[in-house]
Amino acid sequence: MFRRNLTNWNHYPMIDSEVISPTSESECMDALKLYPELIARGMGRSYGDASLGKVVLDCTAMSRILELDIQKKIIVVEAGVSIDEILKQIVPSGLFLPVVPGTKFITIGGAIAADIHGKNHHIDGTFTRHVEWIEIINESLQLVRCSTSQNKDLFIKTCGGMGMSGVIIRACLKLVAIETAYIKCIKIPLYSLSELLNSFERFKDSKYSVAWLDTASGNGKKLNSVLIVGEHEKAANVLIKNFELKLQVHKSPLMRIPKLFPSFLLNKISINIFNRFYFLINAKSSDSKLLHYDDYFFPLDKIKSWNRLYGKKGFVQYQCLVPANSSGEQALKEILLACSTKGMSSFLSVLKSFGEANPLAHMSFPAPGYTLAMDLKMNNGLLNFLDELDKIVENCGGKLYLAKDARMDRSFFLRSYPNRVVSNRFVSLLSNRLGLNTSDKK
Ligand SMILES: Cc1cc2nc3c(=O)[nH]c(=O)nc-3n(C[C@H](O)[C@H](O)[C@H](O)COP(=O)(O)OP(=O)(O)OC[C@H]3O[C@@H](n4cnc5c(N)ncnc54)[C@H](O)[C@@H]3O)c2cc1C
């Protein structure tokens, strides 16, 4: 056990924590017996306070791959294994994870607890839809295996439960077959929000889709964006003779942002220039291109510690969900307009389309509609500004993603998440803030 100032990926908020790093199930159990309140933690890649608390159980040292069955397409792993590590093991055998987020540096415990989504939610749903079973130490300090057919109630509380149902120890994941490590993608430049939403609809059968937005260009009517759709490429279409290279795994990050990066360089002007430049480059052609999966799914992973660009005060990622109807579209317009009129520049903004909600995960975020995520540098007016955006989101029946939240008001949470997982043993800053540590379910 040691004391450390802990933050998650966005460097806000920070807390002085006692950190315990178990390397096995029995060490986990010992820690749980010793500390009546704690929260499990993965790689701290959530943006906000979900895996922060006074006592934190860092699960990253429980990181063994226990079984890989290539024929059955399943893998059994400890909860602290990262997606990075799993892909290194499975891609050469022509296998891939059915759902991956925008970074490969997260653990399986974190992926299950946040019920993460990828660029294929409209086709394949969330991460936990592809989980065979989970073994978890629950509130009563028992190791229990749960799945859709065994201890289903615990499974539903664990998937998307943000660590409230217990400490995930290991899990069995389903895998999908791929012929190559490449994604055939098409970039489509678009010039308004309605054009973009229509294009999501037009490409709804494409396996992967995500749109990059220049929020500074959004004035309600105009909005520059690039929709990027993709499919796993077939072996016959990849002109590499050596079969092994067709299933080549990703490489390590290329560069690192230094600790003392002068964060004033990231300002409204530089953010606007970067976004305009990005649009100009990507709007040039809409020909199809072959990208390695690492470039398609995880472009930000190329730069290690890119979160340091935002400086010591950090940033907030505001990720909301709005319904796929006219009030959802109106809400997106209002949010984009508010950002440009109030001069709140988002360095990186993406929009994704969601399909059906996961009925087997109480606090899962995705539901039919669109999700907008914006990275906003921390400044004096930011938190008040985000309260205003919350009102727009709530008015259209939307909600915020718990894995990206550091500041949502409890009453908004209670109204937008009718199914909640509560606990008195598993305590994080998030669970305290949102009222998940009482038995009061009102
Ligand atoms: C660049 C970037 C891109 C991202 N893109 C996406 C995206 O496209 N889609 C998406 O859904 N998310 C995305 N995320 C968010 C990220 O996938 C989630 O926040 C994920 O939960 C982080 O996993 P972690 O291992 O870092 O867990 P942490 O951040 O440490 O913890 C997250 C939650 O999981 C719980 N938890 C962790 N381990 C365990 C365990 N063993 N047992 C029980 N509970 C546990 C914690 O208590 C906490 O509530 C992105 C994050 C980054 C930095």
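To be clear, the structure that these remarks concern was listed above.
Given the structure is predicted, the values throughout are model-derived calculations rather than measurements. (Residues numbered from 1 in each chain as written. Predicted model: local features only at pLDDT ≥ 70, side-chain atom pairs only at ≥ 80, totals over all residues.)

A. Region of the structure containing the overall build of the chain. In terms of helices and strands, the chain carries 13 helices and 21 strands. Its C-alpha atoms give the chain a radius of gyration of 21 Å, within 12% of the compact-globule value 22 Å for 442 residues. The dimensions of the chain, computed from C-alpha atoms along their principal axes, are 60 × 55 × 45 Å. Looking at the chain as a whole, 46% of its 442 residues qualify as buried. For the chain, the proportion of contacts with a sequence separation of at least 24, taken over those separated by at least 6, is 72%. (Helix = DSSP H or I, 4+ residues; strand = E, 2+ residues; numbered from the N terminus. Rg over C-alpha atoms; globule rule 2.2 N^0.38 Å. Buried ≥ 20, exposed ≤ 12 C-beta atoms within 10 Å, placed from the backbone. Contact = placed C-beta atoms within 7 Å.)

B. The sheet that holds strand E8 (residues 131-137), seen in detail. The 5 strands are arranged E5-E6-E10-E8-E9 in an open sheet whose pairing can be described as antiparallel. Of all strands in the sheet, those with a lone pairing partner are strand E5 (65-69) and strand E9 (143-146), marking the two edges. Between one strand and the next, the sheet's axes are offset by a mean angle of 10 degrees, whatever the strand orientation. Looking at chain direction, E8 and E9 are connected through 4 bridges and run antiparallel. Bridge pairing links Glu-135 to Arg-145 in E9. This element, helix H1 (residues 25-34), spans E8, E9 and strand E10 (167-174) of the sheet and lies at about 145 degrees to E10. (Pairing = 2+ DSSP bridges. Axes fitted to C-alpha atoms, helices over the stretch in contact; angles between N-to-C directions.)

C. Geometry of the site of the ligand. Around the ligand sit 34 residues in total, of which Gly-42, Gly-102, Gly-109, Gly-110 and Gly-163 are the nearest. Top element by residues in the shell around the ligand is helix H3 (residues 108-113). It accounts for 4 residues. (Near = placed C-beta within 6 Å.)

D. Fine view of the packing of helix H10 (residues 326-341) against helix H11 (residues 382-395). For the pair H10 and H11, the least separation of the axes is 9 Å and the interaxial angle reads 170 degrees. Looking at the two axes, H10 sits roughly antiparallel to H11. In contact with Ala-331, Glu-334, Ile-335 and Ala-338 of H10, H11 contributes Glu-388, Leu-389, Ile-392, Val-393 and Asn-395. Here the residues of the contact of H10 with H11 sort into 6 nonpolar, 1 polar and 2 charged. (Parallel < 35°, antiparallel > 145°, perpendicular 65-115°, else oblique. Nonpolar A, V, L, I, M, F, W, Y, C, P; charged D, E, K, R; others polar.)

E. Region of the structure containing H10. If you check H10, its first and last C-alpha atoms are 22 Å apart, about what 16 residues at 1.5 Å a residue would give, namely 22 Å. Looking at H10, one finds that the buried residues are Gly-328, Ala-331, Leu-332, Ile-335, Leu-336 and Cys-339. All buried residues of H10 fall inside an arc of 130 degrees around its axis, so they share one side. Opposite the packed face of H10, turned more than 90 degrees from it, sit the exposed residues Ser-326, Ser-327 and Thr-341. Along its buried surface, H10 packs onto helix H6 (193-202), strand E18 (315-322), strand E19 (346-354), strand E20 (369-377) and H11. (Expected span 1.5 Å × (residues − 1). Arc of directions from axis to C-beta.)

F. Region of the structure containing the nonpolar core. Of all hydrophobic cores here, the largest spans 121 residues; its most connected members are Leu-57, Ile-112, Val-167, Ile-168 and Ala-171. Among the elements that make up this core, the one with the highest residue count is E18 (6 residues). The contacts of Ile-168, once residues within four sequence positions are left out, are Ala-40, Ala-79, Gly-109, Ile-112, Ala-113, Ile-134, Ile-136 and Thr-158. (Core = buried A, V, L, I, M, F, W, Y, C linked by C-beta atoms within 7 Å.)

G. Examining the sheet that holds strand E3 (residues 39-41) more closely. As summarised here, the arrangement of the 4 strands in space is E1-E2-E4-E3, forming an open sheet in which the pairing is mixed. Of all strands in the sheet, those with a lone pairing partner are strand E1 (2-7) and E3, marking the two edges. Going across the sheet, the axis of each strand differs from the next one's by a mean of 45 degrees, ignoring polarity.

H. Structural view of the packing of H6 against H10. Put simply, H6 and H10 touch, their axes get as near as 11 Å, and they point 135 degrees apart. Here H10 runs oblique to H6, going by the angle between their axes. With respect to the hand of their crossing, H6 and H10 are arranged in right-handed fashion. Mapping the contact onto sequence places Leu-193, Ser-194 and Leu-197 in H6 and Glu-329, Leu-332 and Lys-333 in H10. (Left-handed = near helix turned anticlockwise from the far one by under 90°.)

I. Representation of the pairing of strand E14 (residues 224-232) in the model. E14 sits mainly inside the fold: 7 of its 9 residues count as buried. Where strand E12 (residues 182-190) and E14 come together, 8 bridges link them in antiparallel fashion. By the bridge assignment for E14, Lys-184 is matched with Glu-231. Sheet topology note: the strand E13 (residues 208-214)/E14 ladder contains 7 bridges and is antiparallel. Each residue of the ladder has a partner; that of Trp-212, found in E14, is Val-226.

J. Broad picture of the pairing of E10. For E10, the tally of buried residues reaches 6 of 8 residues, placing the bulk of the element in the interior. With 6 bridges joining them, E8 and E10 adopt antiparallel strand pairing. Opposite Ile-137, over in E10, you have Val-167 as the bridge partner.

K. Representation of the environment of Ile-116. Within the element layout of this structure, Ile-116 appears in the loop between H3 and helix H4 (121-124). By C-beta crowding, Ile-116 is classed as buried, having 26 other C-beta atoms within 10 Å.

L. Here's a closer look at the environment of Ile-137. Secondary-structure assignment places Ile-137 in strand E8. Assessed through the 21 C-beta atoms surrounding it within 10 Å, Ile-137 is described here as buried. The spacing of Ile-137 and Ser-165 is 28 residues in sequence and 8.5 Å in space, taken between C-alpha atoms. Ignoring sequence-local partners within four residues, the contact set of Ile-137 consists of Cys-28, Met-29, Leu-32, Gln-142, Leu-143, Gly-166, Val-167 and Ile-169.

M. Molecular detail of unusual backbone geometry. The linkage connecting Tyr-12 with the following residue, Pro-13, adopts the cis geometry, with an omega of -5 degrees. Tracing the sequence through the fold places Pro-13 in the loop between E1 and strand E2 (14-20). Unusually for a residue other than glycine, Lys-73 sits at a positive phi of about 60 degrees. Mapped onto the secondary structure, Lys-73 falls in the loop between E5 and strand E6 (74-78). Here Asn-151, not a glycine, exhibits a phi torsion of approximately 45 degrees, which is positive.

Function cannot be read off these values alone, since they describe shape.
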